Amino acid sequence: MKKTIAFVLALVMLLSLTACSGNTTQSPAEGTQPSSAPVEKTETGESGKDEFVIGMYNVMSGANAIYGEEAQNALKMVVDKMNAEGGINGATVRYVVYDDQGSPEEAVKVVTKLIEVDKVDACITSCISSAVLATGEALNKAEIVSFGTGLSPTYMAQGWEYLFRACVNSDYTTPKAVELAKDLGVSSVAVFRGQDESAIATAQSFIASCGEQNIEVLTEEAYNDGDSDFSGQITRIIASNPDAVFMSTVGATYGVFIKQLRQYGYEGLILNKEALPTDAVEVAGVDNADYVAFAAPYLTYSSLDACTDPTMLAFLTEYQSLYGTLPATDSAYRVYDSLLVLWEAAKNAGTNDHAAIRDAVNQVTGLQGLGGILDYSAGNREGLSDFNKFIRIDGKNVLVSEWLAAGNGLK
């Protein structure tokens, strides 16, 4: 009996050692599929003994995968530029990308890897704000300079001193969208929103701004992630007879909702929480996307000829030459500008010490980005604060001020 017990214990110990050995030999992911999948190495920046490692986690799979894919394209684009110019303070730049699957829980897992395994020096976060909210404290405690690419105001309100943003804060754009509605004579709106953190926070900001502008909110309709039939919500929206409909949703929903809203007979103004991306226009249909209005720092383009901004045109030309297409969302823009700020701050710091770079970001002013002049002098870790108001007319985005000045108005 004793021999049998001893044999079983020995066998258990052997199996445990084998399992531990398998885990320790597994390589960290660099541009991987979801972290739960077998680890696969893909293209990264060049490695060297003296490295500066930039991590990124984003949604690389599912309905919103295009946001992560275009974000990674911009990351590679800038890292290649950095290395071509000698790296960051002489250190070769390498990047590591994980798929957070659009899930806060998965984001926590991959950020733990970025911090503990990959030992990143800086991080570009997910475009999913709830994922940023779930991981920001860990990045801050690890003193890793990070840039959020989600649009929600909530995670920036946590006071994490190592977390910055070089893209839109929806608390800044929603009042502009309400001003836009007021300019167009809107007196009542219906709200359509998702259940994610960013959608809820943006809808709340919009409703509060409507109250300040004496615009009545007639109904607030919500949908669940994964829904594709919005007929019930649309029926109630149309029944409320609003002058405009405000969308606070994730990108994959924009085009589907607009198409269905128009199919049910709504011909009025649609307000969006951000610039309407070209992939959403393709889903909605070009005609259906007319009379969609928004406040934003930049636009997406279907062709180079449509872009007149020289800074954006230079970026788009290079992007198209590298990847054979133009970005269909603004995700690449968000990452590109974030990396420009990081690079500028590191140059100004003259060292790759994390605290020094953090302090240098707070001193960045007058930096030309795709979204305009990036300026952190306000001390709120936000780089952009001013935005244009656009409306889509005849398949083109035009400035609302110019459109109204020409004597136009809503149908």
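Predicted, not measured: the structure shown is a model, and the values here were computed from it.

Reading the values: the criteria
- Residues numbered from 1 in each chain as written.
- Predicted model: local features only at pLDDT ≥ 70, side-chain atom pairs only at ≥ 80, totals over all residues.
- Heavy atoms only, no water.
- Pairing = 2+ DSSP bridges.
- Helix = DSSP H or I, 4+ residues; strand = E, 2+ residues; numbered from the N terminus.
- Axes fitted to C-alpha atoms, helices over the stretch in contact; angles between N-to-C directions.
- Salt bridge = Lys/Arg side-chain N within 4 Å of Asp/Glu carboxyl O.
- Buried < 20%, exposed > 50% of the residue type's maximum accessible area, 1.4 Å probe, protein only.
- Expected span 1.5 Å × (residues − 1).
- pLDDT = per-residue confidence, 0-100.
- Contact = heavy atoms within 4.5 Å.
- Parallel < 35°, antiparallel > 145°, perpendicular 65-115°, else oblique.
- Left-handed = near helix turned anticlockwise from the far one by under 90°.
- Nonpolar A, V, L, I, M, F, W, Y, C, P; charged D, E, K, R; others polar.
- Core = buried A, V, L, I, M, F, W, Y, C linked by side-chain atoms within 4.5 Å.

**Quick notes on the sheet that holds strand β4 (residues 145-148)**
- A sheet is described by the order of its strands in space; here five strands give the open sequence β2-β1-β3-β4-β5, paired in parallel fashion. Looking at strand neighbours, the two that pair on one side only are β2 (92-99) and β5 (163-165), the edges of this open sheet. Pairs of neighbouring strands in the sheet enclose a mean axial angle of 25°, with direction left out of account.
- Direction of pairing for strand β1 (residues 51-58) relative to strand β3 (residues 122-124): parallel, over a ladder of three bridges.

**Some remarks on the pattern of salt bridges**
- This structure, assessed with the given rule, holds 16 salt bridges.
- In this structure, E274 and K273 form a salt bridge, with 3.2 Å as the shortest nitrogen-oxygen distance.
- Given a relative accessible area of 8%, E274 falls into the buried group.
- A relative accessible area of 8% places K273 in the buried class.

**Observations concerning helix α11 (residues 331-349)**
- The terminal C-alpha atoms of α11, which comprises 19 residues, lie 27 Å apart, in line with the 27 Å expected from a rise of 1.5 Å per residue.
- Positive phi shows up at G350, right after α11, with a value of about 70°.

**Points about the confidence of the model for the protein**
- Looking at the protein as a whole, its pLDDT mean stands at 89, while 88% of the residues score no less than 70.
- Scored below 50 in pLDDT, residues 1-49 shows 54 contacts in the model against residues more than four places distant or in partner chains.

**Details of the environment of I88**
- The topology assignment puts I88 in the loop between α2 (65-84) and β2.
- What makes I88 buried here is its relative accessible area of 1%.
- It is 7.1 Å that separates the C-alpha atoms of I88 and W343, two residues lying 255 residues apart in sequence.
- Leave out the neighbours within four places in its chain, and I88 touches F52, M82, V93, W343, A346 and N352.

**Some remarks on the sheet that holds strand β9 (residues 269-272)**
- Ordered in space as β7-β6-β8-β9-β10-β13-β14, the seven strands form an open sheet in which the pairing is mixed. Here the strands that pair on one side only, and so sit at the sheet edges, are β7 (216-222) and β14 (396-399). The average angle at which neighbouring strand axes cross in this sheet is 25°, direction not considered.
- With two bridges joining them, β9 and strand β10 (residues 292-296) adopt parallel strand pairing. Across the sheet, I270 pairs through a bridge with V292, a residue of β10.
- The sheet strands contacting helix α6 (residues 197-212) are β6 (188-193), β7, β8 (244-248) and β9, and the helix crosses β6 at an angle near 170°.
- In the packing of helix α7 (residues 231-239) onto the sheet, contacts are made with β6, β7 and β8, and the angle to β7 comes to roughly 170°.

**Regarding α2**
- In a regular helix each residue adds 1.5 Å, so 20 residues correspond to 28 Å; α2 covers 29 Å between its end C-alpha atoms and thus fits that length.
- Every buried residue of α2 is accounted for by A65, Y67, G68, E70, A71, Q72, A74, L75, M77, V78, V79 and M82.
- Here the buried face of α2 lies against β1, β2, α8 (251-263), α10 (310-323) and α11.
- Directly beyond the C-terminal end of α2, a positive phi value near 95° is found at G86.

**Details of the packing of α7 against α8**
- Two numbers describe how α7 lies on α8: the axes approach to 10 Å, and their chain directions differ by 55°. By the angle between their directions, the pair α7 and α8 is classed as oblique. The element α7 and its partner α8 pack so that their crossing is right-handed. Facing S231, I234 and I237 of α7, the residues of α8 in contact are F257, Q260 and L261.
- Of the residues assigned to the contact of α7 with α8, the class counts are four nonpolar, two polar and no charged.

**Description of unusual backbone geometry**
- At E143, a residue that is not glycine, the phi angle is positive and equals roughly 55°.
- Relative accessible area serves as the criterion here: at 42%, E143 is assigned to the partly exposed category.
- Even without a glycine there, the phi angle at R381 is positive, about 65°.
- Looking at the element boundaries, R381 is found in the loop between β12 (372-374) and β13 (388-393).
- Take R381: its relative accessible area is 11%, and that puts it in the buried class.

**A word on the nonpolar core**
- Membership of the largest hydrophobic core comes to 97 residues, with the highest contact counts inside it found for I54 and F315.
- A total of 11 residues in this core trace back to one element, the largest contributor, which is α11.
- When sequence neighbours within four positions are dropped, the list of residues in contact with I54 reads L75, V79, M82, V93, R94, Y95, V96, V120, A122, I124, L339 and L342.
- In this structure, V189, F206, A293 and I393 belong to the second largest nonpolar core, which totals 21 residues.

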